[in-house]
Amino acid sequence: MSSPKRIGILTSGGDCPGLNAVIRAVVKCANRRGWDVIGIPYSTDGLIHITEGRYRLEDLVLREHGYDIPGILQGLDVLQFLSGSILGSLNKGHPENPEAVAKILEGYRLLNLDCLIAIGGDGSLDIMYDLAQRGGWNLIGIPKTIDNDVPFTEKSIGFNTAVQTVTSALYDLTFTAASHDRVMVVEVMGRDAGHLALHSGIAGGADVILIPELVPELNPPIITHICQEIAAMRQRGRKFALLVVAEGVHGEGGEKVHSIGEYLAKLVANRSCTLCQTGDANYCDMDQVETRATVLGHIQRSGTPTASDRLLASAFGRKAVDLIEEGRYSRLVVWEAGRVRSKDLAEVIGVIRACHRQGICPGPVETDSTMVKVARSLGIYVGPELELMADNVQAALNVWEAGAQVS
Ligand code: F6P
């Protein structure tokens, strides 16, 4: 066994379910090796506060049995069941101010750590990597995000629970949609990526799933296609519909819209009327289409972590500790082809930075991925097939132009 180590751990960026399960796994694995784990509160802000003497270092030590609850449940280890982060998190971007950076580096030095485990998404991993380079820190990254957009890993902590949360919201909305013959539009988080919308939309029985990778903007032909889908469903006897839209989808002219869910709901309601007014019999009951929008918001970042997220958290936490034991630093723990592995952080951060410079998502849904194919095969509308797009778009544009003249 290697000499005892002292490792730090922090959570950075937007919180998500499963963070505490990672912390728990790291503490358990490290304590069993006789190592100390220091929990750094509020990410880099905590390091600043350490430099300013606002914490007693002994209070930051995390121990396996530090979370017992009293009474007959004493000893119950609740940490992996709890959402959020016991360490708190920080979503403020890179500390630009040189004085703040100097305090962060000094705070880290005072902790006298052998290595830091940073649990973060693409943005926070980038920041932590930069600081590690400046301070000469040994760094291990663990990916977490409900957006699932960290490159080189098929899964990130929190994604599975968020999929479950959105899926159950879709189930709940189905019955009120059906009772009123309504079109329910559900806006789902994910930043610039559509993984959360796509996975939960399929699992939740959506009729339409719009993700930025396939439908970057809600232009008139797309809205017309959606109305045609709704009309066809009505003709088959299904009077209600569930439309899932990822927050990364943009407005008609490619502009970022405040609530894309509400925007889509209005467009569908308006267009369904104009389609009917064109005189096409297929759309004759479309003027009765009533839409409602639900923006799920931050509820997607909470909820009891699923078993799948707890397993991933346990596996990622263990791998991070193993990497430290082996002296393999500057690695990102990843899930690849059914196994926990690690990637060179320099390579991962290179990809993240190049994507951010070009304003593109570093871990988007691949347009020919299994789940996109599954959605299409199930008859879920996810946008026009590329090879069909030209004809379909033109045909839809004609309908739109006719409708626009009427209104
Ligand atoms: O990256 C996670 C995420 O929840 C995104 O899906 C969402 O766009 C964003 O964070 C919301 O950030 P905030 O908590 O700052 O509102």
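Structure: above.
Now for a quick tour of the structure. Each chain carries its own residue numbering, running from 1 in the written order of its sequence. Reporting of local features is limited, given that this is a predicted model, to residues whose pLDDT is at least 70; pairs of side-chain atoms are given and counted only at 80 or more, and all residues count toward the totals for whole chains, interfaces and linings. Computation of side-chain values: all heavy atoms of the structure, hydrogens and water removed.

**Considering the site of the ligand**
Inference 1: Around the ligand sit Asn91, Ile146, Asp147, Met189, Gly190, Arg191, Glu247, His298 and Arg301, and those are all the residues in its vicinity.
Inference 2: Glutamate 247 places a polar side-chain atom, nitrogen or oxygen, 2.5 Å from an oxygen atom of the ligand.
Inference 3: Here a polar contact means two N or O atoms within 3.5 Å. Within protein one must be a hydrogen donor candidate and the other an acceptor candidate, and residues neighboring in sequence count only if both atoms are side-chain atoms. A distance of 3.0 Å separates an oxygen atom of the ligand from a polar side-chain atom of histidine 298.
Inference 4: Under the scheme applied, nonpolar residues are Ala, Val, Leu, Ile, Met, Phe, Trp, Tyr, Cys and Pro; charged residues are Asp, Glu, Lys and Arg; polar residues are all the others, including Gly. Tallied by class, the residues present in the shell around the ligand amount to two nonpolar, three polar and four charged. We call a residue near a given molecule or strand whenever any one of its heavy atoms falls within 4 Å of it.

**Comments concerning the pairing of strand β4 (residues 115–120)**
Here is the key point about a regular strand: its side chains alternate between the two faces of the sheet.
Inference 1: To sort residues, take the accessible area from a 1.4 Å probe on protein chains only and compare it with the maximum for the residue type: under 20% means buried, over 50% means exposed, and anything in between is partly exposed. Runs of H or I in DSSP of at least four residues are treated as helices and runs of E of at least two as strands, each being numbered from the N terminus. Of all six residues that make up β4, six are buried, and the element is covered over most of its length.
Inference 2: On β4, burial covers both faces: Cys115, Ile117 and Ile119 on one face and Leu116, Ala118 and Gly120 on the other are all buried.
Inference 3: Here five bridges tie strand β1 (residues 6–11) to β4, and the two strands are oriented parallel to one another. Within β4, the residue paired with isoleucine 9 across the bridge is isoleucine 117.
Inference 4: Here five bridges tie β4 to strand β5 (residues 139–143), and the two strands are oriented parallel to one another. Its bridge partner lying in β5, glycine 120 is registered against proline 143. Pairing between strands is defined by DSSP: at least two bridges between the two strands are required.

**Details of the sheet that holds strand β2 (residues 36–39)**
Inference 1: Read across the sheet, seven strands follow the order β3-β2-β1-β4-β5-β10-β11 without closing on themselves; strand pairing throughout is mixed. If you trace the sheet from one side to the other, it starts and ends with β3 (61–62) and β11 (339–344), each paired once.
Inference 2: Bridge count between β2 and β3: two bridges; the pairing is antiparallel. When the sheet's bridge partners are listed, isoleucine 38 is paired in β3 with valine 61.

**As for a nonpolar patch on the surface**
Inference 1: Like-charged residues are merged into a patch within 9 Å and nonpolar side chains (Val, Leu, Ile, Met, Phe, Trp, Tyr) within 5 Å, provided each residue has over 30% relative accessible area and no salt bridge. Computed with a 1.4 Å probe, the accessible areas rest on the Shrake-Rupley method; for each residue, only the protein chains presented here act as cover. By definition here, a salt bridge exists when the distance from a side-chain nitrogen of Lys or Arg to a carboxyl oxygen of Asp or Glu is within 4 Å. Residues Ile72, Leu73, Leu76, Phe81 and Leu82 make up a contiguous nonpolar surface patch of roughly 490 Å² in combined accessible area.
Inference 2: On the secondary structure map, phenylalanine 81 appears in the loop between β3 and α3 (98–111).
Inference 3: Judged by its relative accessible area of 34%, phenylalanine 81 falls in the partly exposed class.

**Focus on the packing of aromatic side chains**
Inference 1: Think of it this way: a Phe, Tyr or Trp ring, Trp meaning its six-membered ring, pairs with another when their centres are within 6.5 Å, and the plane angle makes it stacked under 30 degrees, edge-to-face over 60, tilted otherwise. Tallied over the full model, the rule gives two aromatic pairs.
Inference 2: Taken together, a centroid distance of 4.1 Å and an interplanar angle of 15 degrees make the contact between tyrosine 108 and tryptophan 137 stacked. With tyrosine 108 in helix α3 and tryptophan 137 in the loop between α4 (122–135) and β5, the pair connects residues that are 29 residues apart, well separated along the chain.
Inference 3: When its relative accessible area of 7% is taken as the criterion, tyrosine 108 is described as buried.
Inference 4: Between tyrosine 171 and phenylalanine 175 the ring centres are 5.1 Å apart and the planes differ by 75 degrees, which places this aromatic pair in the edge-to-face class. A residue pair is termed a helical-turn pair when its members lie 3 or 4 positions apart in one helix, as tyrosine 171 and phenylalanine 175 do in helix α5 (residues 159–179) at four residues.
Inference 5: You can call tyrosine 171 exposed: its relative accessible area is 53%.

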